[in-house]
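Survey of secondary and tertiary structure
What follows is each chain in one-letter form.
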Amino acid sequence: MMKRKGKYKKVMERGTERLLSASGAVTGIVILFIVIFLFREGIGLFRSPDVEKGYALYLNTKNPVEQLTPYEIKQIFDSEITSWDQLGGPNKAIRPYRVDDIFKEYPEEEWGDHYELLSGKLEEVIKSDPNIIAFLPQRYAPPVGADIKELPAKNITIAGFFGGKEWLPTATPSPLFGALPLISGTLLVSFLAILIAVPLSLGVAIFLSELATKKTRQVLKPVIELLAGIPSVVYGFFGLVVLSPAIQKIFHLPVGETALTGGMILAIMAMPTIISVAEDALDNTPRALKEASLALGATKWQTICKVVFPYASSGIVAAMVLGIGRAIGETMAVLMVTGNAAVMPVTPFESVRTIPATIAAELGEAPAGGAHYQALFLLGCILFLITTMTTVIAEFVSKK
Amino acid sequence: MIEAKNVNFYYGDFQALRNINMEIGQQTVTALIGPSGCGKSTFLRLFNRMNDLIENTRLEGECVVNDQNIYNRSVDVDELRKEVGMVFQKPNPFPKSIFENVAYGLRVNGNNNKKSVTQRVEESLISAALWDEVKDKLHKSAFELSGGQQQRLCIARALAVSPMVLLMDEPASALDPVSTSKIEELIHRLKTDYTIVIVTHNMQQAARVSDKTAFFMLGELVEYSDTKKMFLNPDKEATQNYITGRFG
Amino acid sequence: MDRKIKQRIAFTTFRIFSVSVVLMLVSILGFIVFNGAKAINWTFLTASPTEGMTAGGIFPAIVGTFYLVVGSMLFALPLGITAAIYTVEYGGETRIIRIMRIMTNNLAGVPSVVFGLFGMTLFVNKMGFGSSLLAGSLTLALLALPLIIRTTEEALKAVPDSYRTGSLALGATKLTTIRRVVLPAAFPNILTGIILSVGRVSGETAPILFTVAAYFLPHLPDSIFDQAMALPYHLYVLATSGTDMEATRPMAYGTALVLIFIVLLMNALVSLLRNSLKNKNSNE
Ligand SMILES: Nc1ncnc2c1ncn2[C@@H]1O[C@H](COP(=O)(O)OP(=O)(O)O)[C@@H](O)[C@H]1O
Ligand SMILES: [Mg+2]
């Protein structure tokens with residue numbers, strides 16, 4: 001009896017340990033999974049064709065142009081480029097042509113019951129005009145041959161993504177995934193936020209740890225920590241109803257939703273975190289060092305500068321890095337107050353669109369698996385990399 | 001000259017010093033002895049106003065240094081602390097080089113002349129009997145020194161700003177016997193230039209280094225007289241009991 | 001004397017900074033509380049939105065957030081706590097543990113919108129849950145996981161080793177020691193971590209945007225495969241996409257106040273817990 005009970009216990013013991021280790025492994029794997037998943041989808045963008053899937057561009061063979069970039073295609077169909085000589089062709093006006101145009105030219109009876117006649121009609125049209133460029137679904141496309149050529153399909157390029165200045169993910173025939181406006185929007189808003197938040201937070205942290213009485217500190221610290229927990233959507237709402245109208249009025253702007261508004265809201269949100277981490281770091285300075293400095297006739301401020309700061313520097317830097325990480329990844333508040341115009345920002349008084357806001361705003365409309373969807377994942381990867389970097393830096397610095 | 005006049009000191013509601021009156025002469029070594037918690041450190045820290053740093057404390061009476069009540073409104077605390085240096089119980093060098101530790105007090109007081117700083121650092125280290133041991137590694141971290149050397153570095157650091165008074169709060173209690181005797185020798189030599197007040201709970205040390213001794217108990221100054229007299233023939237029974245080790 | 005002047009300038013600046021930052025933060029709170037209080041009444045808390053979200057209440061959003069909190073904790077707590085027990089108590093520096101530690105540390109800093117991105121593909125699309133309470137809970141669970149693992153690990157590490165050796169010396173097995181000695185001692189701190197993650201989960205918008213949140217639902221969800229309304233998303237909708245902004249504002253203020261109230265409640269619980277812990281320790 002005794003023996004059996006002991007055996008049972010041992011089995012239980014071992015079983016539980018297995019279970020626990022399995023749970024540890026599952027957690028690790030799940031997390032690893034997230035990373036792999038993000039990157040697989042994101043990298044997929046560079047295997048997507050740069051024109052809409054299932055479509056292609058067709059030219060008359062007399063036209064010497066052999067290749068077009070997505071940006072050139074966009075300009076052609078937006079009538080920003082109007083002559084072939086701008087693209088290395090003859091000095092002739094470009095005639096952009098979409099499949100809809102054929103429906104306008106020919107009456108319904110001539111399309112065929114299953115559109116089987118479309119291809120022939122399109123062939124005629126393209127053959128007859130050396131200056132045409134036609135954007136057509138491949139299943140109705142005219143036969144490629146002596147008279148008609150199809151522009152070779154290319155994939156979206158890394159340079160196009162990171163160097164492109166146009167973010168037009170739903171443009172046809174050629175969507176543009178230039179992430180530069182989004183990246184610079186994110187950087188601008190975060191930079192403004194840090195510019196505002198860091199000096200203010202450091203000031204408050206110094207006040208709390210060196211100047212305030214114990215009572216003041218005991219009241220203020222919990223209040224500040226509490227504010228770190230308030231949902232970002234609430235801050236965003238505040239920014240929308242109070243801050244952005246105020247900024248519009250003060251700076252006489254057409255709209256109040258600007259990079260500056262985003263930066264200020266982000267600063268307000270990041271400050272509680274920065275203050276409390278920095279205050280902890282300052283507070284960690286040994287009393288003996290401070291007393292030694294004061295006993296030598298140094299003023300309190302000299303003591304702070306020469307003894308407390310150097311001692312707490314790694315903690316302070318870690319606090320700032322954490323704040324930056326929060327600012328870069330913050331989504332809802334920024335989405336609500338920056339106006340979300342995906343253009344290269346020039347001044348802080350313009351609307352900008354950040355990476356997280358783009359994901360939040362567009363993921364709902366992007367068809368799963370499409371280039372747009374993959375582009376949003378790639379943006380997610382960038383965010384992931386940036387925040388991972390900040391965590392690593394913060395950890396590295398605070399360990400030193 | 002240092003003087004305490006009718007000093008009462010409170011930590012919140014707790015009275016740590018009770019009606020202390022005491023005069024300390026120039027260029028003497030005065031030892032403060034007494035059982036742990038009797039208020040020696042509190043008393044010592046009154047004279048460079050270190051107690052100001054502790055919240056919710058209160059002082060009654062006067063502390064006079066150089067004929068001036070140092071708790072007067074007109075007194076500049078930072079200037080006072082240059083005049084009245086302090087050495088703490090545990091060596092507390094800054095996490096800087098040996099040189100920078102000693103130069104610290106000069107720099108914060110606005111001396112940025114490289115030559116004069118270097119010279120003053122050397123003088124201070126010589127006075128603190130540390131020069132020979134560190135002259136080849138002035139730019140090494142202060143933490144590379146032994147505990148006893150660190151404490152002498154702290155003394156050198158205090159000397160560098162040319163104080164008149166040196167307050168020492170159990171400066172040798174964290175050190176080994178060899179280092180302790182080095183510190184005691186040092187105190188002996190410094191006496192000619194400085195007024196020294198030293199807290200110690202080591203009776204022999206008090207007897208060895210000091211000219212006058214003050215015995216504190218429960219926040220009161222029980223007896224204050226020449227060290228020789230105090231150890232041979234104290235007036236009060238409590239002093240006798242303490243010195244002979246019957247309590248404390 | 002110019003070092004005195006420098007000090008005065010610096011300290012005055014810090015005081016001004018502190019006063020203005022605190023005033024600003026408190027006035028944000030005050031602004032929401034003041035405006036929200038006017039909107040909150042019994043109907044607001046117990047009715048559905050009506051008339052294009054300009055009247056009625058936010059009951060479905062409260063229920064939805066409640067479901068999401070419960071759902072996410074159902075996944076995150078067992079996994080997170082057992083994983084933390086494994087790393088701290090059975091630890092050693094095995095490869096699994098090292099990978100896990102790096103991963104959780106990283107994950108804690110990952111922006112919440114990235115979780116939304118992941119949840120949307122994996123749970124909504126690939127696993128076919130659709131936009132549902134299940135998908136939303138799983139996504140939020142992932143978000144809460146690193147927080148729970150970290151706080152639990154810290155709670156376990158705070159238990160003195162003497163407790164463990166004491167118990168083991170009495171012949172208790174490791175499992176018994178953990179169950180009878182370590183976990184009870186660490187429990188209040190673990191609970192603190194749980195409360196904090198509940199606060200975090202209930203306020204997150206980005207992760208639920210595409211995994212569960214609905215703009216408006218005529219009735220409450222009745223299975224885990226239904227969509228749900230949720231407080232933070234509801235506030236976002238009210239704030240940004242109403243047709244009659246003036247009329248929806250009071251609703252938005254009210255919703256914001258409820259969200260803040262949840263955070264306040266969680267913080268109050270935590271400090272209550274900490275205080276009782278302090279008293280208990282000082283009595284011993
Ligand atoms: N910062 C403080 N706050 C409250 N009480 C203190 C503080 N420092 C010292 N005391 C109390 O004042 C008394 C004297 O302390 P102290 O001067 O440090 O004694 P000594 O140096 O003689 O050992 C002690 O009872 C001690 O508990
Ligand atoms: Mg003492």
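Keep in mind the model is a prediction, meaning the values are calculated, not measured.

Calculation rules
Residues numbered from 1 in each chain as written. Chains lettered and ligands numbered in written order. Predicted model: local features only at pLDDT ≥ 70, side-chain atom pairs only at ≥ 80, totals over all residues. Heavy atoms only, no water. Domains from an automatic or database assignment. Pairing = 2+ DSSP bridges. Helix = DSSP H or I, 4+ residues; strand = E, 2+ residues; numbered from the N terminus. Buried < 20%, exposed > 50% of the residue type's maximum accessible area, 1.4 Å probe, protein only. Core = buried A, V, L, I, M, F, W, Y, C linked by side-chain atoms within 4.5 Å. Contact = heavy atoms within 4.5 Å. Buried area = accessible area lost by both parts, 1.4 Å probe. Salt bridge = Lys/Arg side-chain N within 4 Å of Asp/Glu carboxyl O. Polar contact = N/O pair within 3.5 Å; in protein donor to acceptor, adjacent residues only side chain to side chain. Nonpolar A, V, L, I, M, F, W, Y, C, P; charged D, E, K, R; others polar. Axes fitted to C-alpha atoms, helices over the stretch in contact; angles between N-to-C directions. Near = heavy atom within 4 Å. Areas by Shrake-Rupley, 256 points an atom, 1.4 Å probe, with all protein chains shown as cover. Phe/Tyr/Trp six-rings, centres within 6.5 Å; stacked < 30°, edge-to-face > 60°. Lys NZ or Arg CZ within 6 Å of the ring centre and 35° of its normal.

The domains assigned to chain A are domain 1 (55-155) and domain 2 (180-399). On a C-alpha basis, the centres of domain 1 of chain A and domain 2 of chain A stand 50 Å from each other.

Attention now moves to the sheet that holds strand β4 (residues 57-65) of chain B. Across a sheet, strands are paired by hydrogen bonds formed along the backbone, either parallel or antiparallel in direction. Residues and elements named next belong to chain B. The four strands are arranged β2-β1-β4-β5 in an open sheet whose pairing can be described as antiparallel. Because the sheet does not close on itself, it has two edges, and the strands there are β2 (14-24) and β5 (68-69). Relative to β5, β4 is paired through two bridges, and the arrangement is antiparallel. Residue V64 lies in a different strand from β5, and its bridge partner there is N69.

Within the secondary structure layout, G92(C) lies in the loop between α3 (59-90) and α4 (95-109). Of the residues examined, G92(C) reaches a relative accessible area of 55% and is grouped as exposed.

Attention now moves to the nonpolar core. In summary, soluble globular proteins display a tendency toward joint burial of nonpolar side chains. Residues and elements named next belong to chain A. Ranked by internal contacts, the top residues of the largest apolar core, which has 184 residues, are L45, F161, W167, V234, F237, I265 and L379. A total of 16 residues in this core trace back to one element, the largest contributor, which is helix α6 (residues 180-211). If we skip the residues at most four places from it in the chain, F161 touches L45, F46, W167, F177, G178, A179, L180, A375, L378, L379 and I382.

Residue and element names in this part refer to chain B. Burial along strand β6 (residues 84-87) is two-sided: the face carrying V84 and M86 and the face carrying G85 and V87 are both buried. As defined by bridge partners, β6 adjoins strand β7 (residues 165-169) across four bridges and the pair is classed as parallel. Looking at the pairing, V87 lines up with M168 of β7.

Right, let's talk about the interface of chain C and chain A for a bit. Note on interface size: it is often stated as the accessible area lost on association of the parts. Taken together, the contact between chain C and chain A spans 71 residues of the former and 73 residues of the latter. Counting each side, the surface lost to burial between chain C and chain A is near 6600 Å², with a carbon and sulfur contribution of 81%. It is L25(C), L117(C) and F118(C) in chain C that bury the most area against chain A; as a group they hold 10% of the surface buried on that side. At the boundary of chain C and chain A, one finds one salt bridge. Between K126(C) and E41(A) there is a salt bridge, with its nearest N and O atoms 3.1 Å apart. One can count seven residue pairs in polar contact (both at pLDDT 80 or more) joining chain C with chain A. With 19 residues, the top contributor of residues to the side of chain C that touches chain A is helix α1 (residues 2-39) of chain C. A per-class count over the side of chain C that touches chain A returns 49 nonpolar, 14 polar and eight charged.

Before going further, it helps to examine the sheet that holds strand β1 (residues 55-60) of chain A. Residue and element names in this part refer to chain A. Pairing is mixed across the open sheet formed by four strands, whose spatial order is β2-β3-β1-β4. Lying at the two open borders of the sheet, with one neighbouring strand each, are β2 (95-98) and β4 (148-150). Taking the axes of each pair of neighbouring strands and ignoring which way they run, one obtains an average angle of 25° across the sheet. Summarising the sheet, β2 and strand β3 (residues 132-137) pair through four bridges and their orientation is parallel. Along β3, the bridge assignment pairs R98 with F135. Against the sheet, helix α4 (residues 118-128) contacts β1, β2, β3 and β4, and its axis sits at roughly 160° relative to β3.

This part is about the pairing of β4(B). Pairing geometry for strand β1 (residues 2-11) of chain B and β4(B), over eight bridges, is antiparallel. The partner of A4(B) across the bridge, within β4(B), is C63(B).

To continue, consider the interface of chain A and chain B. Contacts between the two partners involve 20 residues from chain A, matched on the other side by 26 residues from chain B. Between chain A and chain B, the buried area comes to about 1800 Å², and carbon and sulfur atoms account for 61% of it. A per-residue breakdown of the area chain A buries against chain B is headed by A295(A), L296(A) and K306(A), which together make up 35% of the total. Connecting chain A to chain B are one salt bridge.

The next subject is the site of ligand 1. Residue and element names in this part refer to chain B. In the region of ligand 1, the neighbouring residues are Y11, F14, A16, S36, G37, C38, G39, K40, S41, T42 and I54. Separating an oxygen atom of ligand 1 from a backbone N or O atom of G39 is a distance of 3.1 Å. Interatomic distance of 2.4 Å between a side-chain N/O atom of T42 and an oxygen atom of ligand 1. Starting from 560 Å² of accessible surface for ligand 1 in isolation, the protein chains cover 61%. Counting residues per element, the ones that place at least two in the shell around ligand 1 are β2 and α1 (40-46). In terms of residue count, the dominant contributor to the shell around ligand 1 is α1 (three residues).

Below, the discussion takes up the packing of aromatic side chains. Given two aromatic rings, their pairing is described by the distance between the two centres and the angle made by the two planes. Tallied over the entire structure, the rule returns 24 aromatic pairs over all chains. Ring centres of Y373(A) and F377(A) lie 5.1 Å apart, and the angle between their planes is 50°; on these two criteria the pair is classed as tilted. Taken as a pair, Y373(A) and F377(A) lie in helix α14 (residues 371-399) at a separation of four residues, close to a single helical turn. Here a set of aromatic residues connected by ring pairs shows up, and it is made of F237(A), F238(A), F31(C) and Y253(C). The ring of F94(B) is capped by R157(B), whose NZ or CZ atom sits 4.6 Å from the centre of that ring.

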